[in-house]
Amino acid sequence: MREDYLEIRDLRVEFDGFVAVDGVNLTVLQGDLRFLIGPNGAGKTTLVDAVTGLVPATGSARLDGVQLLGKSVHRIARSGVGRTFQTASVFEQLTVLQNLDIAAGAARNWRTLLRARSGIPPTVELAMETTGLTALRDRPAGELAHGQKQWLEIGMLLVQNATVLFLDEPVAGMSGEEREQTGELLRRIRRDHVVIVVEHDMQFLRSYADSVTVLASGKVLAEGTYAQVQADPRVQEVYLGPGHTAEPAPALGEVL
Amino acid sequence: MDAVLGQLYAGLSLGSVLLLIALGLTLTFGQMGVINMAHGEFLMAGAYTTYVVQQVVGGAGLSLLIALPLAFLVGGLLGVLLETTLISRLYSRPLDTLLVTWGVALVLQQLARDVFGAPAVEVRTPEWLKGNVDLFGAPFTKGRLFILGLALTAVLVLGVVLRYTALGRRIRAVVQSRGLAETSGIDTRATDRLTFFIGSGLAGIAGVALTLIASTQPYMGQTYIVDAFLVVVAGGVGRVRGAVLMAFGLGVLQATFAYSQSVSTAKVLLLICVIAFLQVRPQGLFSVKSRSLV
C-alpha cells in the first residue's frame, strides 16, 4: 500500500510584519504519530492554520506531492487535510450523527442535497464505532462531555476521508481515563493516517508520541524521539531558560 | 361574534402575507445576517412574473400555478445575482449592505416602471379563487384562504428542508460555525449563495400570492418590507417558529386595532407594542445562536 506523507518546505506566515512561522521544514509520514510542541507563541497553531488555508502563507505544503497552499479552505479539506480546533468545535445544535453526516457529505453534489437519507453510510457507522460514540448518535453534540466532543471531532475527520489529521490539543481538559482512551484512539488511526498532534501535555506526549518536533519563535528547534528531544540542550533552554542542565523527564512535564 | 371572527380572519390573512415575506428573510437576514432592503423588490418581481405569465398563457388559474415555481426561480436568481455581485463583498459591513441594497431596490423599482409603467397592472384572479367560503359562520375569501395555505405549506417545506435534508444541515452548520464548516470541506460560499437563492425565491412566491389581494405596481415591495423585518426581529432572528407566531400575532393585533381605530392609528399602536416587546425581550420570541448575533 502506498504511504501517505505531508511535506512542508520553507513555510512562512507573517502578520503585519510579525513573523509567526519562519521557514519551517517538516515531513511527516503515515504511521508516525508526530507531536508538535513548543512554548506559547511558537507558531504551532499558526502552522496548522497555514496548512489548512485559514491564514495565508508562503512556501510549500504538499500532501503526497500535491500542493495545498493557495487553495481555498474547503478545497484543502477535500484534498484530505483535516483538523480539530483548540476549543472543541462541533455543531452544537446538531446531533452526533448529523455532525458526522456533514463531514461525510461535504463534497456532495448539490443535486443530491435534497434527497433524504437512506440508511447510515458505512463510513459513518465505522467512525462512530472507532470513536465509541455509537450509543450517543442521536444526542445533540452540545450535550456531550468534553472528551466525547473531541472524539466526535476526530470522528468527523475520519468520515471526511482525511489523510492528514491535525489535532490541536486533543487531551486538554480531559480526565486521566479520557486521555488514555484518546491515546489509544490516536494509535489506532495513525496506522493509516498522517497524524500531527499539537500538545502541551508532556505526560501524554511521553506515552504516545512516536516522534516530536519542537517549535520555538516560528522555527523548528529540534526533531526526534521523545528521549532525543528531551536531551537536547536547546530545547531545555527554551523551556527552562538559559543556564539549566539536563533534568529528568518529569521535570520537563511539571514545568509545562 | 361574527365581528370577532371577521377581525380574526382579517388578521390571519394579513399574518399569512407577512409570514410569506418574512420567511425568506429568516434565511437571508436571520441565518446569514444580511439586511437586504431589496427583498421587497424580489416580491415585486414575483408579482410581475405572474402578470407576464398571464399575458403569455392566458388562463388565470393555469398561469397562477405556472407562476409559483417560476417566480421562485426569478426571485432566487435575482437574489443570487445580488449576492454574488454586491453582498458577498460586504459581509461584516451591515450598514453598507443596507445602503447598497436600498439603492438596488430603487433601481429595481425604476426598472419595473420603465418596463411595465407606473400604474398598477391588472392580474386576474382565477375563478376558483373568487368568492367566499363560510368558516364558523363568518366569511373568508377564497383568495386569502389560498394565501394562508400557501404560507403554511411554505413554512412546512422550509422546516423539513432545514431539519431533515443534507442541504438544511449544511445551512445550519455554516450558520453555527463557519470555520469548522470550511475545514470540514463545506464550500461555505456556495452554501451562502444557495441560502440566498432560497430566501429570495420565497419572496418571489410571496409576490405571486400578493397579486390575489393587492395591486401589482412597482412600489408594492415597500409596503411590506418593514413589517416583514419586524416579524423576523420580534420573532427571534433566524427562527422559523418565531416568525410564524409573530406574523400571525402582528396580523391579528393590527386587525384588532384597525377595528376600533383608523388604519394609521392601528399601525402606530402596533409599532408601540413591538417596541415595548423588544424592550422586554431584545432577543425576540425565540433566540438562536448565530453568527449574525455574536
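These numbers were taken from a predicted model, which means no experiment stands behind them.

Helix and strand counts for chain A come out as ten helices and ten strands. The proportion of buried residues among the 256 residues of chain A is 52%. Here the contacts in chain A between residues at least 6 apart in sequence split such that 66% fall between residues at least 24 apart. As displayed, chain A offers around 11,300 Å² of accessible surface, 50% of which is attributable to carbon and sulfur atoms.

Moving on, we get to the side chain of A:Arg190. Residues and elements named next belong to chain A. Among the secondary structure elements, arginine 190 is positioned in helix H6 (residues 176-190). Residue arginine 190 is classed as buried on the basis of its relative accessible area, which comes to 19%. At 2.8 Å, the side chain of arginine 190 forms a polar contact with the side chain of aspartate 210. With sequence-adjacent residues up to four places away left out, arginine 190 is seen in contact with Gln30, Gly31, Asp32, Leu33, Val195 and Asp210.

With that settled, the discussion passes to the sheet that holds strand S1 (residues 5-15) of chain A. Residues and elements named next belong to chain A. With antiparallel pairing, the four strands of this open sheet are ordered in space as S2-S1-S4-S5. Each edge of the sheet is formed by a strand with only one pairing partner; in this case those strands are strand S2 (18-29) and strand S5 (66-67). Direction of pairing for S1 relative to strand S4 (residues 58-63): antiparallel, over a ladder of five bridges. Note on S4: the bridge partner recorded for glutamate 7 is arginine 62. On top of the sheet, helix H1 (residues 44-51) reaches S1, S2 and S4; it is set at about 110° to S1, its chief contact.

What follows deals with a nonpolar patch on the surface. Residues and elements named next belong to chain B. Where nonpolar side chains cluster on the molecular surface, the patch consists of Val52, Val56, Val57, Leu62, Ile66, Leu70, Leu73 and Leu77 and spans about 670 Å² of accessible area. Per-element tally for the nonpolar patch: the top contributor is helix H3 (residues 60-85), with five residues. With respect to the helices, strands and loops of the structure, isoleucine 66 is situated in helix H3.

Further remarks concern the packing of aromatic side chains. Residue and element names in this part refer to chain B. A full pass over the atoms with the stated rule returns eight aromatic pairs over all chains. With centroids separated by 5.9 Å and ring planes inclined at 80°, the aromatic side chains of tyrosine 51 and phenylalanine 116 adopt a geometry described as edge-to-face. Linking tyrosine 51 in helix H2 (residues 39-57) with phenylalanine 116 in helix H4 (residues 94-116), this pair joins segments that are 65 residues apart in sequence. Since its relative accessible area comes to 18%, tyrosine 51 is described here as buried. Between tryptophan 128 and phenylalanine 146, the aromatic rings sit 6.2 Å apart at their centres with planes inclined by 80°, giving edge-to-face as the arrangement. In this pair, tryptophan 128 sits in the loop between H4 and strand S1 (132-135) while phenylalanine 146 sits in helix H5 (residues 142-164), placing the two residues 18 residues apart along the sequence.

For the rest of this paragraph, the subject is the pairing of S2(A). Bridging between S1(A) and S2(A) involves nine bridges; their strand directions are antiparallel. Bridging from a neighbouring strand, A:Val13 pairs with A:Val21 of S2(A).

Turning our eyes to something else, we now look at the interface of chain B and chain A. Contacts between the two partners involve 23 residues from chain B, matched on the other side by 26 residues from chain A. When chain B packs against chain A, the two sides together hide about 2,200 Å² of surface, and 61% of this comes from carbon and sulfur. For chain B, the biggest contributors to the area lost against chain A are B:Arg169, B:Leu180 and B:Thr183; these three give 29% of the whole. Taken together, chain B and chain A are joined by one salt bridge.

Per the UniProt record, the feature "transmembrane region" (unreviewed entry) sits at residues 6-27, 59-82, 94-112, 145-162, 194-213 and 268-288 of chain B. Helix and strand shares over residues 59-82 of chain B are 96% and 0% respectively, and the end C-alpha atoms of the span are 33 Å apart.

Residue and element names in this part refer to chain A. The end-to-end C-alpha distance of H6, which contains 15 residues, comes to 21 Å, matching closely the 21 Å that a straight helix rising 1.5 Å per residue would cover. When we look at burial in H6, the residues that qualify are Glu178, Thr182, Gly183, Leu185, Leu186, Ile189 and Arg190. Viewed along the axis of H6, the buried residues span an arc of 165°, placing them on a single side of the element. Opposite the buried face of H6, by more than 90 degrees, sit the exposed residues Glu177 and Glu180.

Residues and elements named next belong to chain B. Helix H8 (residues 188-210) packs onto H3 with a crossing angle of 140° between their chain directions and a minimal axis gap of 6 Å. When the interaxial angle is binned, H3 and H8 end up oblique. Read as a crossing pair, H3 and H8 show a hand that is right-handed. Taken together, the residues of the contact of H3 with H8 break down into 14 nonpolar, seven polar and four charged.

Attention shifts here to helix H1 (residues 2-31) of chain B. Because each turn of an α-helix spans 3.6 residues, side chains separated by three or four positions in sequence point in the same direction. Residues and elements named next belong to chain B. The first and last C-alpha atoms of H1 sit 40 Å apart over 30 residues, in line with the 44 Å expected at 1.5 Å per residue. Taking the largest bend as the criterion, H1 deviates by roughly 40°, centred on leucine 25. Within H1, 21 of the 30 residues are buried, leaving the element largely enclosed by the surrounding structure. Just downstream of H1, glycine 33 is the residue with a positive phi angle, here 75°.

On to the environment of B:Gln110, then. Take B:Gln110: it is sitting in helix H4. For B:Gln110 and B:Gln254, which are 144 residues apart along the polypeptide, the C-alpha to C-alpha distance reads 31 Å.

Here the focus is the sheet that holds strand S9 (residues 211-216) of chain A. Residues and elements named next belong to chain A. Within the open sheet, the six strands sit side by side as S6-S7-S8-S3-S9-S10. Their pairing is mixed. The open sheet terminates on both sides in strands that have one partner only, identified here as strand S6 (81-83) and strand S10 (219-224). Averaged over all pairs of adjacent strands, the angle between their axes in this sheet comes to 20°, without regard to strand direction. Examined bridge by bridge, strand S3 (residues 33-37) and S9 share four bridges and lie parallel to one another. Bridge pairing links isoleucine 37 to valine 214 in S9.

The rules behind these values
- Residues numbered from 1 in each chain as written.
- Chains lettered and ligands numbered in written order.
- Predicted model: local features only at pLDDT ≥ 70, side-chain atom pairs only at ≥ 80, totals over all residues.
- Heavy atoms only, no water.
- Helix = DSSP H or I, 4+ residues; strand = E, 2+ residues; numbered from the N terminus.
- Buried < 20%, exposed > 50% of the residue type's maximum accessible area, 1.4 Å probe, protein only.
- Contact = heavy atoms within 4.5 Å.
- Areas by Shrake-Rupley, 256 points an atom, 1.4 Å probe, with all protein chains shown as cover.
- Polar contact = N/O pair within 3.5 Å; in protein donor to acceptor, adjacent residues only side chain to side chain.
- Pairing = 2+ DSSP bridges.
- Axes fitted to C-alpha atoms, helices over the stretch in contact; angles between N-to-C directions.
- Patch = residues over 30% accessible without salt bridge, like charges linked within 9 Å, V, L, I, M, F, W, Y side chains within 5 Å.
- Salt bridge = Lys/Arg side-chain N within 4 Å of Asp/Glu carboxyl O.
- Phe/Tyr/Trp six-rings, centres within 6.5 Å; stacked < 30°, edge-to-face > 60°.
- Buried area = accessible area lost by both parts, 1.4 Å probe.
- UniProt positions renumbered as here; feature names shortened; annotations may be inferred.
- Expected span 1.5 Å × (residues − 1).
- Arc of directions from axis to C-beta.
- Parallel < 35°, antiparallel > 145°, perpendicular 65-115°, else oblique.
- Left-handed = near helix turned anticlockwise from the far one by under 90°.
- Nonpolar A, V, L, I, M, F, W, Y, C, P; charged D, E, K, R; others polar.
- Bend = angle between axes of the 7 residues up to and from the residue.

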